[in-house]
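Residues per chain are reported as follows:
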Amino acid sequence: MKANLLEFDRAGLERFVASLGEKPWRARQLLRWIHQRGATDFASMTDVAKAFRGRLAECAEVRLPPVARDSVAADETRKWLLQVDAANAIETVFIPETGRGTLCVSSQAGCVLDCAFCSTGKQGFNRNLSTGEILAQLWIANRALGRRQGADRPITNVVLMGMGEPLLNLDAVVPALRLMLDDDAYGLSRRRVTVSTSGIVPAMDRLAEECPVALAVSLHAPDDALRDQLVPVNRKYPIRELMAACRRYLERAPRDFITFEYVMLDGVNDGDAHARALLGIAAQVRCKFNLIPFNPFPGSAFRRSSPERVRAFAAQLQRGGLTVTTRKTRGDGIDAACGQLAGDVADRTRRSAARVHAVRVPIVEVNA
Ligand code: SAH
Ligand code: SF4
């Protein structure tokens, strides 16, 4: 099979062109054509020597997953469903805001971690995405969006907050991050690329070493007993170890704080006592809090905290000296909000069926 040039970061592409007997600087030309100009056809790469273009056409290609669905919500949030193979489709979401545009990218087909409130987790896990499949999401969105009015470029920020746990797929994620930052590819600053993790402690250290972009940590509970239930990986990496890893990360990080994500689940983790306990944890790490009102999905067993509760919780944290933002729900009508991305994943863990039988709590639909 031909080599897919989307799989290579700069170093990989330099090795590839060297294997064809070319100088490393050819890699720079290719990066620019592929990622900045969106070229897939070598014949169009006019400043690349003709003989080399012919050679590339024989042994390489720019291969993108087909777009199975492309939907736009009333608030202009846009979602793509990409068919990464015959059995798996993954989702990518673009969230336009004044002065910036954020692309939410998936890192795995499904997720093995099975957080209690997450639609992706309920799908079970099938496989890691490759570097090219992660990058293709940015490539496709960039092309589809073109230039938006008032913005130099449509995508100013990338968050790895789509389907999957990026820190369980670092071999593919790190080269993808490097391309996002590379001035000859997407040229984003480290502060504008955020990896979100449920708290895979050793991988946090590795990310700090290899590509320290902004880090968001899905906290969701102030104590181990509750976090064990909501984010089962907490049993392996409990809060104390997670906080220590956050502090180590900050020694290398481009931002001087960690963003703690906190999904607001009615009557579960949203009480005054929870907020008080969070203040204790937050004192150990330079951080900001991002409250995410729970987004329901078919079969979910939680309710979203009321807006009053979310406001009171935020106010309590703020009185304790924390910076708190509350995430707006976006993409209503196209299931594009946090935690609603399910794609279409062939579940090798066979979790979905088991789960449906296990859910005994009544299903409550909450309107946004
Ligand atoms: N696996 C990574 C990144 C993907 S999830 C992680 O867990 O951090 C991105 C964010 O959405 C996480 O903070 C996750 O906890 C949150 N989330 C998952 N399901 C949600 C739901 N139903 N409602 C609101 N937020 C949710
Ligand atoms: Fe996986 Fe993140 Fe969903 Fe948990 S919240 S199941 S880690 S994608």
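Residues numbered from 1 in each chain as written. Chains lettered and ligands numbered in written order. Predicted model: local features only at pLDDT ≥ 70, side-chain atom pairs only at ≥ 80, totals over all residues. Heavy atoms only, no water.

1. Some points on the sheet that holds strand β3 (residues 67-72)
Phase 1: The strand order across the open sheet formed by ten strands is β3-β4-β5-β6-β9-β10-β11-β12-β13-β14, and the pairing between neighbours is mixed. Two strands close off the open sheet at either side, each with one partner strand: β3 and β14 (324-326). Strand-to-strand, the axes of this sheet are offset by a mean angle of 20°, without reference to chain direction. (Pairing = 2+ DSSP bridges. Helix = DSSP H or I, 4+ residues; strand = E, 2+ residues; numbered from the N terminus. Axes fitted to C-alpha atoms, helices over the stretch in contact; angles between N-to-C directions.)

2. Description of the packing of aromatic side chains
To describe a pair of aromatic rings, one takes the distance between the centres and the angle between the planes.
Phase 1: One pass over the structure, following the stated rule, counts five aromatic pairs.
Phase 2: Centre to centre, the rings of F294 and F302 are 6.0 Å apart; their planes meet at 75°, and the pair counts as edge-to-face. The same class applies to F294 as to F302, namely buried.
Phase 3: Among the aromatic residues, ring-to-ring pairing joins F294, F297 and F302 into one connected group. (Phe/Tyr/Trp six-rings, centres within 6.5 Å; stacked < 30°, edge-to-face > 60°. Buried < 20%, exposed > 50% of the residue type's maximum accessible area, 1.4 Å probe, protein only.)

3. Some points on the nonpolar core
Phase 1: Judged by nonpolar contacts, the single largest core of 118 residues is most densely connected at F117, L177, M180, F260 and F289.
Phase 2: Tallying contributions element by element places helix α6 (residues 170-181) first for this core, with nine residues.
Phase 3: Two domains each donate at least three residues to this core, and these are domain 1 (3-61) and domain 2 (67-334).
Phase 4: In this structure, F289 is in contact with L219, F260, Y262, L278, A282, L317, L322, T323, V324 and T325, ignoring residues within four places of it in sequence. (Core = buried A, V, L, I, M, F, W, Y, C linked by side-chain atoms within 4.5 Å. Domains from an automatic or database assignment. Contact = heavy atoms within 4.5 Å.)

4. A word on the confidence of the model for the protein
Phase 1: Of all residues in the protein, 92% have pLDDT values of 70 or greater, and the mean over the chain is 90.
Phase 2: Segment residues 353-368: pLDDT under 50, and 18 contacts once partners within four positions in sequence are set aside and those in other chains are kept. (pLDDT = per-residue confidence, 0-100.)

5. Things to note about the site of ligand 1
Phase 1: What surrounds ligand 1 is a group of 21 residues, the closest being F117, S196, S218, H220 and N295.
Phase 2: Here a nitrogen atom of ligand 1 sits 3.3 Å away from a polar atom, N or O, in the side chain of E165.
Phase 3: With respect to ligand 1, the side chain of E261 contributes an N or O atom lying 3.1 Å from an oxygen atom.
Phase 4: When ligand 1 sits alone it has 530 Å² of accessible area, and the protein chains cover 95% of it.
Phase 5: Put simply, the parts of the chain that give the shell around ligand 1 at least two residues each are β10 (193-197), β12 (258-264) and β13 (287-293). (Near = heavy atom within 4 Å. Polar contact = N/O pair within 3.5 Å; in protein donor to acceptor, adjacent residues only side chain to side chain. Areas by Shrake-Rupley, 256 points an atom, 1.4 Å probe, with all protein chains shown as cover.)

6. Quick look at the site of ligand 2
Phase 1: In the vicinity of ligand 2, the contacting residues are C111, L113, D114, C115, C118, G121, G164, E165 and S198.
Phase 2: Taken together, the residues of the shell around ligand 2 break down into four nonpolar, three polar and two charged. (Nonpolar A, V, L, I, M, F, W, Y, C, P; charged D, E, K, R; others polar.)

7. Details of helix α2 (residues 26-36)
Phase 1: Burial of α2 is extensive: eight of the eleven residues sit out of reach of the surface.
Phase 2: Listing the buried residues of α2 in full gives R26, A27, Q29, L30, L31, W33, I34 and H35.
Phase 3: Considering only its buried residues, α2 is in contact with α1 (10-19), α3 (50-59), α5 (131-145) and α6.
Phase 4: Within two residues after α2, G38 carries a phi angle of roughly 70°, on the positive side.

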